[in-house]
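Inside the fold
Next come the chains, spelled out residue by residue.
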Amino acid sequence: MCALRVAVAGLGNAAVNLHLPALATVAGAELVGGCDPAEAQRTTAAARFKLPVFATLGELLAATHPDVVIVCAPPKAHRAICLEAFAGGAHVLCEKPLATSVAEAEEILAASRAHGRRLALNHEFREMPAFRAILDAVKGDAGGVVFVQAWQNMDLPPWAEPGWRGQLLNGVLYEAGIHLVDFVVAAFGERPRAVTAMMSSCGTRDEQTDAVALVTLEFSRGRLAQVTQNRLCKGETQYFEVRVETPSASHRVSYGGRARVSFGMLRSTRPHVRLELGAAGTAWRERGHSRTRVAANPGNAPMIATRNLVERTLAAFQQGSEPPASGEAGRDTLLVLAAAYVSAAEGRRVTLDDPAVLSHRFE
């Protein structure tokens, strides 16, 4: 197959740290240009990656005629960029979150269908080797997933976030917790039926924020998941931790690095000696006190995961097959997040088809 002509809209951190380095190593991609309204970002990207740059997407589309546009701008710009890219004849790979509301996400999906173009999301944790190994392992378990826990602990409250993220005082779960929520949904292979959530500043500020979020997701057959995001943690940073339970084993992933030696007896009559190494994250399987390492992430795991996802997505665009994270998957994640915010605000269990979910805006 011929390489697809790929352009990048938005030349900030996501582009220069993830997508542009990834594209340099994807055989099926020909990078034809990028655009950004900020001159400084254009200058930096042009100098580092030797690509033509433009101030607007319209100029980029007219000059380069890309087959695919990768959207790396902030979420508020996603709708307009996606719609213009589809109208210009390009498929779209969009950074998450897909949109600032479920209604916007539906509009983007409708535009992709109307123009006969494809839409995919960069939910890169699905393709990070340690996380991918667990998703593959639980799919092969005859009993399926019965319970998932996903959590994040770090000292970065919403008011301390840099750039545009710092303006989302009630957007931590939406902007960062989306990684946790998407992985949980991918592990079950279906979207949940209902969500119950609580969010709080926990007395650290007068105004309400989602510095701490506790979310319970209800899936079919009474199966459950729990997502916890704690941005007030003064202890060890745990950026993304997950435990996936199946009838045969407990599957664990720890992202961010582990280097531990332990020995002795802990809730067991059998002594153990254990060495755990995973500089960029590791995955393992537990059965009782037996632990088997499954996979580990390489260095620069986010870029490698993005490269894997871009490569598979471009192949799916060419072959007409399902990408690693479809536009519908991006919409479904927004449904779950909207249900969580509505539940926290109104103090009730919320189903995903609730009208308040469909009208919620992440702003």
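Only a predicted model underlies this, so the values are computations on that prediction, with no experimental measurement involved.

Rules and cut-offs
- Position labels on residues start from 1 in each chain and follow its written sequence.
- Under the rules for a predicted model, residues below a pLDDT of 70 receive no local features and side-chain atom pairs below 80 are neither given nor counted, while totals for whole chains, interfaces and linings still include all residues.
- Just so you know, side-chain values use all the structure's heavy atoms and leave hydrogens and water out.
- Only the stretch in contact is used when fitting a helix axis, every axis being a line fitted to C-alpha atoms; angles between N-to-C directions are given from 0 to 180 degrees.
- Runs of H or I in DSSP of at least four residues are treated as helices and runs of E of at least two as strands, each being numbered from the N terminus.
- By definition in this entry, angles of less than 35 degrees are roughly parallel, angles greater than 145 are roughly antiparallel, angles of 65 to 115 are roughly perpendicular, and the rest are oblique.
- Any two residues having at least one pair of non-hydrogen atoms within 4.5 Å are treated as being in contact.
- Residues are grouped as follows: Ala, Val, Leu, Ile, Met, Phe, Trp, Tyr, Cys and Pro are nonpolar; Asp, Glu, Lys and Arg are charged; all remaining types, including Gly, are polar.
- pLDDT is a per-residue confidence score from the predictor, ranging from 0 to 100.
- Both site types are read off a 1 Å grid over the protein atoms alone. A 1.4 Å probe that fits but cannot get out defines a cavity, while an open set with protein on both sides within 12 Å along at least five of seven lines defines a pocket; lining residues have an atom within 4 Å of a point.
- Grid points are joined across faces, edges and corners, and a volume is the space filled by probe spheres set on the points.
- Should DSSP find at least two bridges between two strands, the strands are regarded as paired.
- Centres within 6.5 Å are what make two rings of Phe, Tyr or Trp a pair, Trp counting through its six-membered ring; a difference in plane orientation under 30 degrees is then read as stacked, over 60 as edge-to-face, and the rest as tilted.
- Exposure is judged per residue with a 1.4 Å probe applied to protein chains only, and the accessible area is read against the type maximum: over 50% gives exposed, under 20% gives buried, and values in between give partly exposed.

**Considering the packing of helix α5 (residues 102-114) against helix α10 (residues 327-346)**
Direction vectors running N to C along α5 and α10 enclose 170°, while the axes themselves pass 9 Å from each other. With respect to α10, the axis of α5 lies roughly antiparallel. Between α5 and α10, the residues in contact are Val 102, Ala 105, Glu 106, Leu 109 and Arg 113 and Gly 327, Glu 328, Arg 331, Leu 334, Leu 335 and Ala 338, respectively. Tallied by class, residues from the contact of α5 with α10 come to six nonpolar, one polar and four charged.

**Structural notes on the confidence of the model for the protein**
For the protein, mean pLDDT is 92; residues scoring 70 or higher make up 93% of the total. Within the model, the stretch residues 257-263 combines pLDDT values under 50 with 25 contacts to residues more than four positions away or in other chains. Considering only residues more than four positions removed or in separate chains, one finds that residues 272-278, a stretch of pLDDT under 50, has 22 contacts.

**Regarding the layout of surface pockets**
Computed from the structure, the largest pocket encloses a volume of approximately 1,000 Å³. Forming the boundary of the largest pocket are 42 residues, of which Asn 13, Ala 14, Trp 164, Arg 165 and Glu 175 lie nearest the centre. Within the residue set of the lining of the largest pocket, elements represented by two or more residues are α1 (13-23) and α9 (301-319). Of all the elements, α1 adds the most residues to the lining of the largest pocket, at four residues. Split into classes, the residues belonging to the lining of the largest pocket amount to 25 nonpolar, nine polar and eight charged.

**Comments concerning the sheet that holds strand β16 (residues 290-296)**
Judged by pairing direction, the sheet is mixed, and its nine strands sit side by side in the order β16-β15-β12-β11-β7-β10-β9-β8-β17 without closing on themselves. The sheet terminates laterally at β16 and β17 (350-351), the two strands that pair on one side only. Pairing of strand β8 (residues 194-200) with strand β9 (residues 212-218) involves seven bridges; the strand directions are antiparallel. Counted as the bridge partner of Ala 197 is Val 215 from β9.

**Regarding the environment of Glu 190**
Its location among the elements puts Glu 190 in the loop between α8 (178-188) and β8. Each C-alpha atom of the pair Glu 190 and Ser 220 lies 8.6 Å from the other, and the pair is 30 residues apart in sequence. Ignoring anything within four residues of it in the chain, the contact list for Glu 190 reads Val 185, Phe 219, Ser 220 and Arg 223.

**Quick notes on empty space enclosed by the protein**
Summed over the entire model, instances satisfying the criterion amount to one cavity of 30 Å³ or more. Taken as a whole, the largest cavity spans an internal volume of roughly 40 Å³. The wall of the largest cavity is formed by Pro 158, Glu 161, Arg 165, Leu 168, Gly 171, Val 172 and Glu 175.

**Examining the sheet that holds strand β2 (residues 29-35)**
Each strand in a sheet pairs with another by means of backbone hydrogen bonds, the pair being arranged parallel or else antiparallel. Strand order in this open sheet of six strands is β3-β2-β1-β4-β5-β6, and the pairing throughout is parallel. Either end of the sheet is taken by a strand with one partner, and the two such strands are β3 (53-54) and β6 (119-121). One ladder, built from four bridges, connects strand β4 (residues 68-71) with strand β5 (residues 91-94); its direction is parallel. Bridge pairing in β5 places Val 68 opposite His 91.

**Let's talk about the packing of aromatic side chains**
As enumerated under the stated definition, the model contains 12 aromatic pairs in all. Ring geometry for Phe 125 against Tyr 255: centres 5.3 Å apart, planes inclined by 90°, an arrangement best described as edge-to-face. Residue Phe 125 is located in the loop between β6 and α6 (129-139), and its partner Tyr 255 is located in strand β12 (residues 250-255); the two are separated by 130 residues in the primary sequence. As far as burial versus exposure is concerned, Phe 125 and Tyr 255 are alike and both buried. Plain terms: the ring middles of Phe 131 and Phe 240 are 4.6 Å apart, the flat faces sit at 45° to each other, and that makes the pair tilted. A residue pair is termed long-range when its members are at least 10 positions apart, and Phe 131 in helix α6 and Phe 240 in strand β11 (residues 238-245) qualify at 109 residues.

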